[in-house]
Amino acid sequence: YTKEDGFVLILTKNNKSALYQNLKFYTEFIYDSMTNFFNKIKVEQNKKFGLMDDKGIILIPIEYDTIEYNKKTRKIEATKNSEISHFEFNELYKK
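Now for a quick tour of the structure. (Residues numbered from 1 in each chain as written. Predicted model: local features only at pLDDT ≥ 70, side-chain atom pairs only at ≥ 80, totals over all residues. Heavy atoms only, no water.)

What about the packing of aromatic side chains?
By convention here, two paired aromatic rings are described through the distance between centres and the angle between planes.
(1) Moving on: Taken as a whole and assessed by the stated rule, the structure comprises eight aromatic pairs.
(2) Moving on: Both rings, one in Phe 37 and one in Phe 89, keep their centres 6.4 Å apart while their planes meet at 40 degrees; by these two values the pair is tilted. Here Phe 37, found in strand E5 (residues 33–37), pairs with Phe 89, found in the segment after strand E11 (83–87); they are 52 residues apart in sequence, far enough to count as distant.
(3) Moving on: Overall, Phe 37 belongs to the buried group, its relative accessible area being 7%.
(4) Moving on: Phe 89 sits in the partly exposed class, given a relative accessible area of 23%. (Phe/Tyr/Trp six-rings, centres within 6.5 Å; stacked < 30°, edge-to-face > 60°. Helix = DSSP H or I, 4+ residues; strand = E, 2+ residues; numbered from the N terminus. Buried < 20%, exposed > 50% of the residue type's maximum accessible area, 1.4 Å probe, protein only.)

Next up, the structure:
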């Protein structure tokens, strides 16, 4: 996807993904998958999910079984061992 300072690319090598932008890698090729998630990056590693920004900063630890957006509550729902945690986008950088 695009940001003010350029394209954010998710590159894949040997079935692992990395984050790349403006001629610089922000992560290594260590993630099983990376997808756009409301201008953040949802990452999967060892069957666990987390959320990072476009510079590779982890916003939600990669320890959840699922991460989804609840349109009704407008919050991120992260499930771990059947327990749901809620996160708000505007609170992610304050942690």
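So that's the structure; there's more coming.
Describing the sheet that holds strand E10 (residues 75–80)
(1) Moving on: As summarised here, the arrangement of the three strands in space is E9-E10-E11, forming an open sheet in which the pairing is antiparallel. At either end of the open sheet lies a strand with only one pairing partner, and these are strand E9 (66–70) and E11. Ignoring strand direction, the axes of neighbouring strands in this sheet form an average angle of 25 degrees.
(2) Moving on: Bridge analysis of E10 against E11 gives five bridges, and the strand direction is antiparallel. Across the sheet, Thr 79 pairs through a bridge with Ile 84, a residue of E11. (Pairing = 2+ DSSP bridges. Axes fitted to C-alpha atoms, helices over the stretch in contact; angles between N-to-C directions.)

A word on the nonpolar core
(1) Moving on: Phe 37, Phe 49, Leu 51, Leu 59, Ile 60, Tyr 64, Ile 67, Ile 76, Ala 78, Phe 87 and Leu 92 form the largest nonpolar core, which has 11 residues in total.
(2) Moving on: For this core, the secondary-structure elements that each account for two or more residues are strand E7 (48–52), strand E8 (58–64) and E10.
(3) Moving on: A total of three residues in this core trace back to one element, the largest contributor, which is E8.
(4) Moving on: The contact partners of Tyr 64, leaving out residues within four places of it in the chain, are Lys 47, Lys 48, Phe 49, Ala 78, Thr 79, Lys 80, Ser 85 and Phe 87.
(5) Moving on: Ranked by size, the runner-up nonpolar core spans seven residues in total, among them Val 8, Leu 19, Ile 41 and Met 52. (Core = buried A, V, L, I, M, F, W, Y, C linked by side-chain atoms within 4.5 Å. Contact = heavy atoms within 4.5 Å.)

Details of the pairing of E5
(1) Moving on: Bridge analysis of E5 against strand E6 (residues 40–45) gives five bridges, and the strand direction is antiparallel. Residue pairing in the sheet places Met 34 in a bridge with Val 43 of E6.

Description of the pairing of E8
Successive residues of a regular strand alternate their side chains across the two faces of the sheet.
(1) Moving on: As judged from the three bridges shared by E7 and E8, these two strands associate in the antiparallel manner. When the bridges of E8 are listed, Leu 51 appears paired with Ile 60.

Looking at the side chain of Asp 53
(1) Moving on: The topology assignment puts Asp 53 in the loop between E7 and E8.
(2) Moving on: Lys 40 provides the closest opposite charge to the buried, unpaired Asp 53, separated from it by 7.0 Å.
(3) Moving on: Within polar-contact distance, the side chain of Asp 53 engages the backbone nitrogen of Lys 55 at 2.9 Å.
(4) Moving on: Engagement of the side chain of Asp 53 in a polar contact is seen with the backbone nitrogen of Ile 57, the distance being 2.9 Å. (Lys, Arg positive; Asp, Glu negative; His and termini not counted. Salt bridge = Lys/Arg side-chain N within 4 Å of Asp/Glu carboxyl O. Polar contact = N/O pair within 3.5 Å; in protein donor to acceptor, adjacent residues only side chain to side chain.)

Fair warning: the whole summary comes from geometry, so function is off the table for now.
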